[in-house]
Amino acid sequence: MSKTAVYGFYYGEIAGFGSTDAVSMLTRLDIHNVRNLAQVRLTDLSPANILYGANGSGKTSVLESIHLLSAARSFRSYTARSVISHGAGNLTVYGEVSSGNEERDARERSLGVQRHRNGDADIRISGLPVRSAAHLAAELPVLVLNSDSFDLLTGSPRDRRRFLDWGVFHVEHTFFTVWQRYQRCIRQRNTLLRRGNIRDAELMSWTHELAAAGESLTLSRQVYFSRLSTRFAQVVASVLPDSLPVTLQFRRGWDRERSLLEVLNAGLVVDLEQGFTHSGPQRADIRILAGDASASDTLSRGQQKLVVSALKLAQGHLFAEDGGGDRCIFLLDDLPSELDDEHLRLVCEEVEQTRAQVFISCIDLADLHDVWRPPDPLSVFHVEHGQIVKEK
Ligand SMILES: Nc1ncnc2c1ncn2[C@@H]1O[C@H](COP(=O)(O)OP(=O)(O)OP(=O)(O)O)[C@@H](O)[C@H]1O
Ligand SMILES: [Mg+2]
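Going by what an unreviewed UniProt entry lists, the chain is known as DNA replication and repair protein RecF and is assigned to Chromatocurvus halotolerans. According to the UniProt record, the Sequence similarities (unreviewed entry) comment for the chain reads "Belongs to the RecF family."

Have a look at this one:
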């Protein structure tokens, strides 16, 4: 597979969540040359899995491997080089996924991802090569909660748009097509803007097309956002009962009172001067407020973690509601950090209610011992110097 196909994964990732039969439970995982994990095999994975061990033992690397299996790329970057073990030419992750539920046809799939230092990727599903990482995401929908998740509060609007679109693409199966159309239109329009001809008929035509796609995309975002904010309100009230009310507001990316076409036409001169389109869904954002102020300025670090947990959990709940009982997979890296026992217990209860398969990492097993008591079967793995032993 070419590098481009993997770098284009953002599109593919989104396409995956539009799949109708995405569900999944990972039952086995083989890891080869991911960071300090030279050769690891995890079998009999459960609905709930805990990985514990000292700093630097390899816990995050296991979660990273599951993410690689879902996206063919690392948590943080599109390049695989940093996660390939030092001195190795490539990494390989292989997983077995059982999909479906008892009422529907259950099916088994194997997923394989190999990433090379030159950026190339080989992706296989049930032994057959596939071109796009989108297919992986459809088999293994993953939600991650790690230290990068604070970007939902403190990062750029792009982080929040990606978060929102994860959910929209999953529930709205036509959204990916509209989203692709919007991306094509904006690229074309920006190219024409740089030519600088205000009377360009082609520019007018792309502006109309862009406005239509932008309105449609935004409508889907608004519908999903409305459900998300309701769900979020419930979850955040459960996990953070003792704080100022935390609320979400959607900003669509242009003036609320006017159509996108009106705004694009009104802004044409400025767009021509600067060579790009200023208004539209590419500027959308979610404001996260504690009381009347920005949550990132107001809340403590632990409270911020509870808010980002509630955002991801709300998505997990909506996924479960839309997926006909299917599961997504939660990767909760170092879950206990920054949370006291009581808040950790509240988060664990919510995680369990999403019915997601869950992989939780922590340093000390005792941190989770008293708070994680799900009815689901639980597997416990001890991670030590890149070796993993199943204890339960
Ligand atoms: N490309 C690489 N090749 C080999 N080892 C690497 C590579 N990248 C990182 N490492 C090492 O892998 C080890 C495991 O890292 P990992 O982040 O999985 O640890 P962890 O168990 O999550 O630790 P912590 O509790 O501190 O979060 C670390 O010692 C890290 O330095
Ligand atoms: Mg870690």
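And the narrative resumes.
A few words on the site of ligand 1. Surrounding ligand 1, one finds 14 residues, the nearest of these being Arg35, Gly56, Lys59, Thr60 and Ser61. Residue lysine 59 places a side-chain N or O atom 2.7 Å away from an oxygen atom belonging to ligand 1. Contact between ligand 1 and histidine 86: a nitrogen atom at 2.9 Å from a main-chain N or O atom of the residue. Protein contacts shield 71% of the accessible area of ligand 1, which totals 650 Å² for the unbound molecule.

When the UniProt feature table is mapped onto this chain, "binding site: ATP" (unreviewed entry) is found at Gly53, Ala54, Asn55, Gly56, Ser57, Gly58, Lys59 and Thr60. For glycine 53, a relative accessible area of 2% corresponds to the buried category. Excluding residues within four positions of it along the chain, glycine 53 makes contact with Lys59, Cys362, Ile363, His382 and Val383. Note that asparagine 55 resides in the loop between strand S3 (48–52) and helix H3 (59–71). Residue class for asparagine 55 comes out exposed when judged on its relative accessible area of 68%.

The strand order across the open sheet built from three strands is S9-S10-S11, with neighbouring strands paired in antiparallel fashion. Because the sheet does not close on itself, it has two edges, and the strands there are strand S9 (246–251) and strand S11 (293–294). Direction of pairing for strand S10 (residues 285–290) relative to S11: antiparallel, over a ladder of two bridges. Counterpart to alanine 290 in the pairing with S11 is alanine 293.

About the thresholds
Residues numbered from 1 in each chain as written. Chains lettered and ligands numbered in written order. Predicted model: local features only at pLDDT ≥ 70, side-chain atom pairs only at ≥ 80, totals over all residues. Heavy atoms only, no water. UniProt positions renumbered as here; feature names shortened; annotations may be inferred. Near = heavy atom within 4 Å. Polar contact = N/O pair within 3.5 Å; in protein donor to acceptor, adjacent residues only side chain to side chain. Areas by Shrake-Rupley, 256 points an atom, 1.4 Å probe, with all protein chains shown as cover. Buried < 20%, exposed > 50% of the residue type's maximum accessible area, 1.4 Å probe, protein only. Contact = heavy atoms within 4.5 Å. Helix = DSSP H or I, 4+ residues; strand = E, 2+ residues; numbered from the N terminus. Pairing = 2+ DSSP bridges.

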